[in-house]
Amino acid sequence: IASISGKVVTEKNEGVENATIILQSNEQTLKTSNEEGVYDFGYMEQGGNYTITGSKTDDYLNGVNTLDLVMMQRHILDIEKIKTPYQLVAADVNKDKKITAGDLVELRKLILGVDAKLKNNESWRFVDKGFTFPDPANAQAANLKESYEIYDLSSDMAVDFVGVKVGD
């Protein structure tokens, strides 16, 4: 018996509460992160293969405001580039691996209440904390590692994710 647990935090190391953590093996098991972002699957059979992913699809507007639109527009116009890889992933609102006027349009519709949710994206994305961006200045174009594979579980494992609030 071994445990699989971990933490879901933002880029600023703040816990992401109420993220659904999905453990897939022969069957699917769900856990919800607490206020510190911690989750725990407890007793898992050793020797098993598991895939862990995160999901959070509520509260699309949480943290999103018109300042985000301004920052994205300044990035697109080459006035002031978005600085961190996770912010670049957040700015790719329509999930097409580019930051363009299309992302601005989608986010504006969300802010104005025209759309209640994003068409091609969840409200949060979860990136394996150990993932290294091949090109941090073009992070949204990367094939993000949004799941963690465990083969032949042999001991307790800590699997951490960075939660990225899309649009924020």
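Residues numbered from 1 in each chain as written. Predicted model: local features only at pLDDT ≥ 70, side-chain atom pairs only at ≥ 80, totals over all residues. Heavy atoms only, no water.

## Focus on the sheet that holds strand 3 (residues 28-32)
Our working rule: By definition, two strands form a pair when at least two bridges between them are found by DSSP. By definition, any uninterrupted DSSP run of H or I lasting at least four residues is a helix, any uninterrupted run of E lasting at least two residues is a strand, and each is numbered from the N terminus. Angular values range over 0 to 180 degrees, each being the angle between N-to-C directions of two axes fitted as lines to C-alpha atoms, with helices fitted over their stretch in contact.
The strand order across the open sheet built from 4 strands is 3-2-5-7, with neighbouring strands paired in antiparallel fashion. Edge positions in the sheet fall to strand 3 and strand 7 (147-150), since each of these pairs with one other strand and no more. Sheet twist, expressed as the mean angle between neighbouring strand axes with direction ignored, is 20 degrees.

## Focus on the pairing of strand 3
One ladder, built from 5 bridges, connects strand 2 (residues 20-24) with strand 3; its direction is antiparallel. Paired with Ile-21 across the two strands is Lys-31, which belongs to strand 3. The turn joining strand 2 and strand 3, which pair antiparallel and follow one another in sequence, is formed by 3 residues.

## Observations concerning the side chain of Asp-92
Put simply, the rule reads: Per-residue accessibility, obtained with a 1.4 Å probe over protein chains only, is compared with the maximum for each type, and a residue is labelled buried under 20%, exposed over 50%, and partly exposed between these values. Counting rule applied: Lys, Arg positive; Asp, Glu negative; His and chain ends not counted. Salt bridges are counted wherever a side-chain nitrogen of Lys or Arg sits within 4 Å of a carboxyl oxygen of Asp or Glu. Between two residues, a contact is recorded if the distance between any of their heavy atoms is within 4.5 Å.
Mapped onto the elements, Asp-92 comes out in the loop between helix 2 (85-91) and helix 3 (101-112). We note that Asp-92 is buried and unpaired, the nearest opposite charge coming from Arg-125 at a distance of 4.7 Å. If sequence neighbours within four positions are ignored, Asp-92 has contacts with Lys-97, Lys-98, Ile-99, Asp-103, Asn-121 and Gln-140.

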